Every structure is written in structure tokens, then in C-alpha cells.
Amino acid sequence: MSNAPPTRKRQNVPSLVLTNAENEQLFNIIGNHCVAQATAVVQVFLAETPSRNKWNKRYCGVATFIRDNQNKSFYIRVYDIKSQKLLWEQEMYNQFKYKVPRPYFHTFETDNCPAGLNFANESEANQFKGVVEDRIQIKLRKKEARKRSVSSPSHPPLGDRPPSSSK
């Protein structure tokens, strides 16, 4: 018998709107290498070129805020559970900004254009926002910690060092 503590695997967070069977179907599509930290039924709007000032509905599906353990990154991914396909994704990049102009409509910049998620349920929208904003804060704290460790000298200045004892 092993004395090693049991490994704690994070559980996928289900949608409040989907049935248990639909949530299970989604988690099967996502696979074992990813964990859905938030799940919500949405419409995806993109403000594509040339004007970038008009929202165009592009997809309807289930949005997930995913930790992809294989790629070692976080994504907003939208799936169609009926066709069992990934419809759209955006990796959470450095400087990612998540805005909430309406409780049910959240926006952010993608690699190509602004994107908006129109949530079917405000509770899911609020939960999704909380998870994304928590991850943004964690990234910022890690960045600040790295910055502090780089800026602090590994050796004290010569004037602050104790004299070496020479015999």
C-alpha cells in the first residue's frame, strides 16, 4: 500500500443551463487533458474587419474557460455539443483584458478582432467572469513576483557584505 497522498484532480464545472447528459457530453468532447473551470451557454459575436465597430453573431454553443494541461495554457473555447466539435477558441494571452459592459455581455480582444460573449444565463455569466478575472489576477501576481525576483540582487552590494575573514 502506498503512503503517497491521493492526487486531487480538478473537476469540470458544469453549465447551470445544460442537462446532466449534455454536460457529460461536453466533458467527453473536452477530453482528459483539459479542465473546464467555467461553463456557460453563449452566442459568440465578433467585430471583424473592415470596420470593427459592428457586432456579428458567429457561433452559438457552450463556452468553457479551459485549463489545457497539454498546452499548459488557458483558453476560452466554444463547443457545439450536438456536432461534438470545437467551434472557436481564444488563448488567454499576456495583457488579456476582460470587460463586462453588461451583466450578460462580456468582451475581450482576440488575436484578430474584438469578441463578445452573449450569455443565456446571468448566473453563468457572473460565474464565468469571476473565474476569468481570478486567472487574470493570478497571472498578474506571478508577473509581479518574477519582476521582484529579477530586480532584487542575489548578492548584497559590497558595502553591505560582512568583511571576509582572512587568516
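As shown above, the structure is provided for reference.
Since this is a predicted model, take the numbers as computed values, not measurements.

Peer 1: Give a detailed account of unusual backbone geometry, specifying residues and quantitative values.
Peer 2: Going from Thr49 to Pro50, the amide bond is cis rather than trans, its omega being 10°. Locating Pro50 in the fold gives a position in the loop between strand 1 (34-46) and strand 2 (56-68). Phi is positive for Gln95, close to 70°, though the residue is something other than glycine. Here Gln95 shows up in the loop between strand 4 (85-91) and strand 5 (99-102). What makes Gln95 exposed here is its relative accessible area of 51%.

Peer 1: Summarise the pattern of salt bridges; cite the residues concerned and give the values.
Peer 2: This model, assessed by the stated rule, comprises four salt bridges. Between Arg77 and Asp68 there is a salt bridge, with the nearest N and O atoms lying 2.9 Å from each other. On the basis of relative accessibility, which here comes to 7%, the residue Arg77 falls in the buried class. As a salt-bridge pair, Glu89 and Arg77 come within 2.8 Å of each other at their nearest N and O atoms.

Peer 1: So what's going on with the sheet that holds strand 5? Residues and values would help.
Peer 2: Strand order in this open sheet of seven strands is 4-3-2-1-7-6-5, and the pairing throughout is antiparallel. Both outer strands of the open sheet, strand 4 and strand 5, are each paired with one neighbouring strand and no more. For this sheet, the mean inter-axis angle between neighbouring strands, taken without regard to orientation, is 35°. The sheet contact formed by strand 2 and strand 3 (residues 73-80) spans seven bridges and is antiparallel.

Peer 1: Give me the environment of Lys129: which residues, what numbers.
Peer 2: Relative to the helices and strands, Lys129 is located in helix 2 (residues 122-151). Residue Lys129 is classed as partly exposed on the basis of its relative accessible area, which comes to 23%. Taking C-alpha positions, Lys129 is 8.8 Å from Lys99, a pair spaced 30 residues apart along the chain. Lys129 has contacts with Tyr98, Val100 and His106, leaving out every residue within four places of it along the chain.

Peer 1: Before we move on, can you summarise the nonpolar core with the specific residues and values?
Peer 2: One finds Phe65, Ile76, Tyr98, Leu117 and Phe128 to be the most contacted residues of the largest nonpolar core, which totals 24 residues. Looking at this core, the elements that each hand over two or more residues are strand 1, strand 2, strand 3, strand 7 (114-119) and helix 2. Discounting residues that sit within four places of it in the chain, Phe128 has contacts with Ala38, Thr39, Ala40, Ala63, Thr64, Phe65, Ile76, Tyr98, Leu117 and Phe119. Membership of the second largest hydrophobic core comes to 10 residues, among which are Leu18, Ala36, Val62 and Tyr79.

Peer 1: Any chance you could break down the packing of aromatic side chains for me, citing the residues and the numbers?
Peer 2: For the structure shown, the criterion picks out eight aromatic pairs. Seen in terms of ring centroids, Trp55 and Phe105 are 5.4 Å apart; in terms of plane orientation they differ by 80°. Their pairing is edge-to-face. Note that Trp55 is positioned in the loop between strand 1 and strand 2 and Phe105 in strand 6 (residues 105-109), a separation of 50 residues in sequence. Taking 5.5 Å as the distance between ring centres and 35° as the angle between the ring planes, the aromatic pair formed by Phe96 and Phe108 counts as tilted. Of the two residues, Phe96 sits in the loop between strand 4 and strand 5 while Phe108 sits in strand 6, which places them 12 residues apart along the sequence.

Basis of the calculations
- Within each chain, residue numbers correspond to sequence positions counted from 1 in written order.
- Note on the predicted model: pLDDT of at least 70 is required for a residue's local features to be given, and 80 or more for side-chain atom pairs to be given and counted; whole-chain, interface and lining totals, by contrast, use all residues.
- Calculated side-chain values reflect all of the structure's heavy atoms, with hydrogen atoms and water omitted.
- Secondary structure follows DSSP: runs of H or I at least 4 residues long count as helices, runs of E at least 2 residues long count as strands, and numbering of each begins at the N terminus.
- Note on exposure labels: buried denotes an accessible area under 20% of the residue type's maximum, exposed denotes more than 50%, and partly exposed covers the range between, all computed with a 1.4 Å probe on protein chains only.
- The salt bridge criterion pairs a side-chain nitrogen of Lys or Arg with a carboxyl oxygen of Asp or Glu, the two atoms within 4 Å.
- Strands are labelled as partners when DSSP assigns at least two bridges between them.
- Axis lines are fitted through C-alpha atoms, for helices just across the contact stretch, and the angle between N-to-C directions can take any value from 0 to 180 degrees.
- The contact rule is simple, with two residues in contact once any of their heavy atoms fall within 4.5 Å.
- Nonpolar core, defined: a set of buried Ala, Val, Leu, Ile, Met, Phe, Trp, Tyr and Cys residues in which side-chain atoms within 4.5 Å join the residues together.
- Only Phe, Tyr and Trp rings take part, Trp by its six-membered ring, and two of them pair if their centres are within 6.5 Å. Stacked means planes under 30 degrees apart, edge-to-face means over 60, and tilted covers everything else.

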